[in-house]
Amino acid sequence: MQNNKPSKTDRTLIIIKPDGVQRSLIGEITKRYERAGLKLVAIKMLVPTPEMVEKHYTLDPEWRRITGEKTIKGYLDKGLIPPLTDPFEITARILERLKKYMTSGPVIAMVWQGAHAVPIVRKITGGTEPLQSDVGTIRGDFVLDSYQLSDEGERSVRNLVHASGSPDEAEKEIKHWFSDSEILNYRLIQEQIIYDVNIDGIFE
Ligand code: IDP
Ligand code: MG
C-alpha cells in the first residue's frame, strides 16, 4: 500500500479507451499528462478481453456501491428520475456495458509517475459524466456525452479515458495491466527543476 506522504514515485494508471483512440486523441490526451510534469513509465496498446475489463473494475470491492450511488446522484442533481434505485443493480448494468465498450477496439494503457499522480491525473481528466466535467479537463473539452444519453442508447458513458480513483486502486490496477518488467525506472532531466530544493546550476 502507498503511504499518504506525496512522493515523486507515486503512480497512477491511465487507459485511453477505444473512443479516445478512434477519435485520434492519443497525442492530445497524453500531452496533457506529460506537460503537467508527470513521467511516463509504462505504455502499451492492446485489445482487452471482457474478463480483463470485469476484473479491472471490480478490483476495488467498493466500486459497485460507489459507482451506483454516483450515477443515482447524477440523475437526482439534475432533477431527473434514475432508471433504477438500487446502486448495485445500476452497477451490474454499467459493468455489462463497460465490457462491450472497453473491448470494442484497441486501448492504450499507461502508467504515469510523479508527486500526487493520482489526484493530479483525476483533475486533468475531469469528472465521470462529460456533461458535468469541468471545461479545461479532457472529458470536459472533448466529449458531450451524459448518463441520460448513454442510458437511452443502452451503452456506457463514452468519456475517453480511465484514470485510477485512489492510490490503492492505482496500485491494484497497475499490477493488473503491467508486469514489473514493463515498468521502467529512469530519470528525467526536468525532475531537478520540479523536485529539487535548490534550482541552482542554471547559469554556467
Ligand atoms: P471513473 O471512470 O470516472 O472513475 P467510475 O464510476 O469508476 O468512473 O465508472 C467507470 C466507467 O463506467 C465510467 O468512466 C463510464 O465510462 C462508465 N459509467 C459509470 N457510470 C455510468 C452510468 O451511469 N451510465 C453509463 N456508464 C457509466
Ligand atoms: Mg473509477
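Our structure is the block above this text.
Because the structure is predicted, anything quoted here is derived from the model rather than measured. (Residues numbered from 1 in each chain as written. Chains lettered and ligands numbered in written order. Predicted model: local features only at pLDDT ≥ 70, side-chain atom pairs only at ≥ 80, totals over all residues. Heavy atoms only, no water.)

**Things to note about the site of ligand 1**
- In the vicinity of ligand 1 lie 18 residues, with Trp63, Thr71, Arg122, Thr128 and Asn159 positioned nearest.
- At 3.0 Å, a side-chain N or O of threonine 71 approaches an oxygen atom of ligand 1.
- For ligand 1, an oxygen atom lies 2.5 Å from a polar atom in the side chain of threonine 128.
- Those elements that place two or more of their residues in the shell around ligand 1 are helix H4 (63-77), helix H5 (87-102) and helix H8 (147-152). (Near = heavy atom within 4 Å. Polar contact = N/O pair within 3.5 Å; in protein donor to acceptor, adjacent residues only side chain to side chain. Helix = DSSP H or I, 4+ residues; strand = E, 2+ residues; numbered from the N terminus.)

**Points about the packing of aromatic side chains**
- Overall, the coordinates contain two aromatic pairs when judged by the stated rule.
- When the centroid spacing of 6.0 Å and the interplanar angle of 50 degrees are considered together, the rings of tyrosine 33 and tryptophan 112 count as tilted. Taken together, the positions of tyrosine 33 in helix H2 (residues 26-35) and tryptophan 112 in strand S3 (residues 107-113) put the pair 79 residues apart, joining distant regions of the chain.
- Here tyrosine 33 falls in the buried class, since its relative accessible area comes to 0%.
- What makes tryptophan 112 buried here is its relative accessible area of 1%.
- Ring centres of tyrosine 57 and tryptophan 63 lie 5.2 Å apart, and the angle between their planes is 35 degrees; on these two criteria the pair is classed as tilted.
- The ring of tyrosine 186 is capped by lysine 39, whose NZ or CZ atom sits 5.0 Å from the centre of that ring. (Phe/Tyr/Trp six-rings, centres within 6.5 Å; stacked < 30°, edge-to-face > 60°. Buried < 20%, exposed > 50% of the residue type's maximum accessible area, 1.4 Å probe, protein only. Lys NZ or Arg CZ within 6 Å of the ring centre and 35° of its normal.)

**Some remarks on the pairing of S3**
- Counting buried positions over the seven residues of S3 gives seven, a clear majority of the element.
- The alternating pattern of S3 places Val107, Ala109, Val111 and Gln113 on one face and Ile108, Met110 and Trp112 on the opposite face, and all of these are buried.
- Of the strand pairs in this sheet, strand S1 (residues 11-16) and S3 are connected by six bridges, and their pairing is antiparallel. From the neighbouring strand, arginine 11 faces S3, where its bridge partner is glutamine 113.
- Of the pairings in the sheet, the one linking strand S2 (residues 39-46) to S3 comprises seven bridges and is antiparallel in character. (Pairing = 2+ DSSP bridges.)

**Comments concerning the packing of helix H3 (residues 50-57) against H5**
- Contact geometry of H3 with H5 gives a least axis separation of 9 Å together with a crossing angle of 130 degrees. Comparing their axes, H5 and H3 come out oblique. For the element pair H3 and H5, the recorded crossing hand is right-handed. Here Pro50, Val53, Glu54 and Tyr57 of H3 lie close against H5, whose contacting residues are Leu95, Leu98, Lys99 and Met102. (Axes fitted to C-alpha atoms, helices over the stretch in contact; angles between N-to-C directions. Parallel < 35°, antiparallel > 145°, perpendicular 65-115°, else oblique. Left-handed = near helix turned anticlockwise from the far one by under 90°. Contact = heavy atoms within 4.5 Å.)

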